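# Reading the structure
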Amino acid sequence: MSRPAVNRVHRVEVESVERLTPGMVRIVFVGDGLEGFLTSGVGDEYLRLFLPASGHEEPVLPEPTDDGYWEFPEGATTEVRTYTVRSWDPVFGRLTIDFVVHDGGIAATWALGAQPGHVVGVNTPRGLYDPPEGIRWQLLVADATGLPAALRLAEQAPAGVRTRVVLEVADAADQQRVDLPAGVELTWVHGGNGHGPSRVDEIVAASDFPREPGYVWVAGETRVTRAVRKHLRHELRLPATDYKVVGYWTANAEQWSERFEALPDDVRLRLREMWDDETRDIEEVEDEYEATLEAHGL
């Protein structure tokens, strides 16, 4: 994936904290550090969140590099996590991020204890949603981690494009009240999200796909989204331009990481290096990557 043309790091402060539902906290960030913040405007744009290693002390922020990445000072212990932008208000300089909160997890713990004045860092966001011209419909499906991006995409749904949104949350208490444009259909389903098996893959597989030009966007747990991508690409044979499937989190991530690190050195090297060949089709690389993981029980 390409890096943002500009990659800045911004020091931001918490302005307000709101518990939207039992499983989600909304935090609004402000501050002089947001001057020059460059939004992509894409509804699922994501950024890196730079958090203090423990507690709510101010984190050490990295310096952006010429190649679009960043570099931390030696000895820095800042934690880095990825989040989508729920909204950006350029007039008042307010950046809103919705956090899925649960027991454990560095970012969730930080969000649950966040108070006005606490400081974090963010970098320049970039989006993934990229439908082709002339679509007549779109399907947006996500679990709670993809909910903020899905709702923002729904709010920005192009006029005249029939938009169906299906959001999987733990239970009815996690549903949100939202105002969506005419022509947007929102359905809530309950389950998944670490509390049971996700139905995101079943929802996509059971959906009707009109013959008119359309677009499918799906976000959720990585194994579930892997099954979704396989269905869209290899069973329905949709062109890569007609869908975007993103794994936002991995169930039992620590165990998964331990098993990944235990793979033979040559396998881990191949998994890393296959992404370096820019002459290859990215979807073919994804096929090989997923097949390799599955062959090793991941």
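Sequence order sets the numbering: in each chain, residues are counted from 1 along the sequence as written. Totals for whole chains, interfaces and linings use all residues, but because this is a predicted model, local features are given only for residues with pLDDT of at least 70 and pairs of side-chain atoms are given and counted only at 80 or more. Each side-chain value is derived from all of the structure's non-hydrogen atoms; neither hydrogens nor water enter the calculation.

It is worth spelling out the overall build of the protein chain at this point. Per the secondary structure count, the protein chain includes seven helices and 14 strands. A principal-axis box enclosing the C-alpha atoms of the protein chain has dimensions of 50 × 50 × 35 Å. Out of the 298 residues in the protein chain, the part that is buried amounts to 44%. Working rule for contacts: check all heavy atoms of both residues, and any pair within 4.5 Å makes them a contact. Of the contacts formed within the protein chain by residues at least 6 apart in sequence, a portion of 70% connects residues at least 24 apart. Helix numbers and strand numbers start at the N terminus; a helix is a DSSP run of H or I with at least 4 residues, a strand a run of E with at least 2. Exposure is judged per residue with a 1.4 Å probe applied to protein chains only, and the accessible area is read against the type maximum: over 50% gives exposed, under 20% gives buried, and values in between give partly exposed.

Turning next to unusual backbone geometry. Unusually for a residue other than glycine, Asn193 sits at a positive phi of about 55 degrees. Turning to its location among the elements, Asn193 is positioned in the loop between β12 (184-190) and α3 (200-205). Positive phi values are uncommon outside glycine, yet Arg237 reaches one of about 55 degrees. Within the secondary structure layout, Arg237 lies in the loop between α4 (222-235) and β14 (243-249). Note on Arg237: relative accessible area 68%, which makes it exposed.

Let us now look at the packing of helix α6 (residues 265-273) against helix α7 (residues 282-295). As a rule, the C-alpha atoms of each element are fitted with a line to give its axis, helices using only the stretch in contact, and angles between N-to-C directions run from 0 to 180 degrees. Across the interface, α6 lies against α7 with an axial gap of 10 Å and an inter-helix angle of 155 degrees. What the angle tells us is that α6 and α7 run roughly antiparallel. With respect to the hand of their crossing, α6 and α7 are arranged in left-handed fashion. Residues Val267, Arg270 and Leu271 of α6 form the contact with α7, whose participating residues are Glu288, Tyr289, Thr292 and Leu293. Of the residues that constitute the contact of α6 with α7, the class distribution is four nonpolar, one polar and two charged. Roughly parallel covers angles under 35 degrees, roughly antiparallel covers those over 145, roughly perpendicular covers 65 to 115, and oblique covers all other angles. Crossing handedness is read from the near helix: turned anticlockwise from the far helix by less than a right angle, it gives a left-handed crossing, and turned clockwise, a right-handed one. Under this grouping Gly is polar, as are all residues other than the nonpolar Ala, Val, Leu, Ile, Met, Phe, Trp, Tyr, Cys and Pro and the charged Asp, Glu, Lys and Arg.

For any two helices packed against each other, one specifies the inter-axial angle together with the distance between the axes. Where α4 contacts α7, the axes come no closer than 12 Å and their chain directions differ by 130 degrees. It follows from the interaxial angle that α4 and α7 lie oblique. In this structure, α4 crosses over α7, and the sense of that crossing is left-handed. On the side of α4, the interface is formed by Arg226, Arg229, Lys230, Arg233 and His234, while α7 contributes Glu283, Glu284, Glu286, Asp287, Glu290, Leu293 and Glu294. Split into classes, the residues belonging to the contact of α4 with α7 amount to one nonpolar, one polar and ten charged.

Here the focus is helix α1 (residues 106-113). One full turn of an α-helix is made of 3.6 residues, so residues set three or four places apart face in the same direction. When α1 is considered as a whole, its buried residues turn out to be Ala107, Ala108, Trp110 and Ala111. For α1, the arc enclosing every buried residue in end-on projection is 160 degrees, short of the 170-degree limit, so these residues lie on one face. Those residues of α1 that are buried lie in contact with β1 (9-21), β2 (24-30), β3 (46-51), β6 (79-84), β8 (94-100) and β9 (119-123). Here the arc refers to the set of directions running from the helix axis out to each C-beta atom.

What follows deals with a negative patch on the surface. Residues enter patches when their relative accessible area tops 30% and they take part in no salt bridge; the joining distance is 9 Å for like charges and 5 Å for the nonpolar side chains Val, Leu, Ile, Met, Phe, Trp and Tyr. Each accessible area is a Shrake-Rupley estimate made with a 1.4 Å probe; only the visible protein chains count as cover when residues are assessed. Throughout this description, the term salt bridge denotes a Lys or Arg side-chain nitrogen within 4 Å of a carboxyl oxygen of Asp or Glu. Charge assignment in this entry is limited to Lys and Arg as positive and Asp and Glu as negative, and neither His nor the chain termini are counted. Every charge is mapped to an atom, namely NZ of Lys, CZ of Arg, CG of Asp or CD of Glu. A contiguous patch of negative charge, built from Glu273, Asp276, Asp277 and Glu278, is present on the exposed surface. Within the secondary structure, Asp276 is located in the loop between α6 and α7.

Take the pattern of salt bridges next. Should the charged atoms of two oppositely charged side chains come close, the side chains can pair. Tallied over the full model, the rule gives 20 salt bridges. Close ionic contact of Glu283 with Arg229 constitutes a salt bridge, the shortest N to O distance being 2.9 Å. Of this pair, Glu283 sits in helix α7 while Arg229 sits in helix α4, and the two are 54 residues apart along the sequence. The partner of Arg229 in a salt bridge is Asp287, and the shortest N-O contact between them spans 2.9 Å. Taken together, the residues span a long stretch of sequence, with Arg229 in helix α4 and Asp287 in helix α7 at a distance of 58 residues. Neither Arg229 nor Asp287 differs from the other in exposure class; each is buried. Here the residues in one salt-bridge network are Arg229, Arg233, Glu283, Asp287 and Glu290, joined through shared partners.

Any functional reading would require information beyond the geometric quantities listed.
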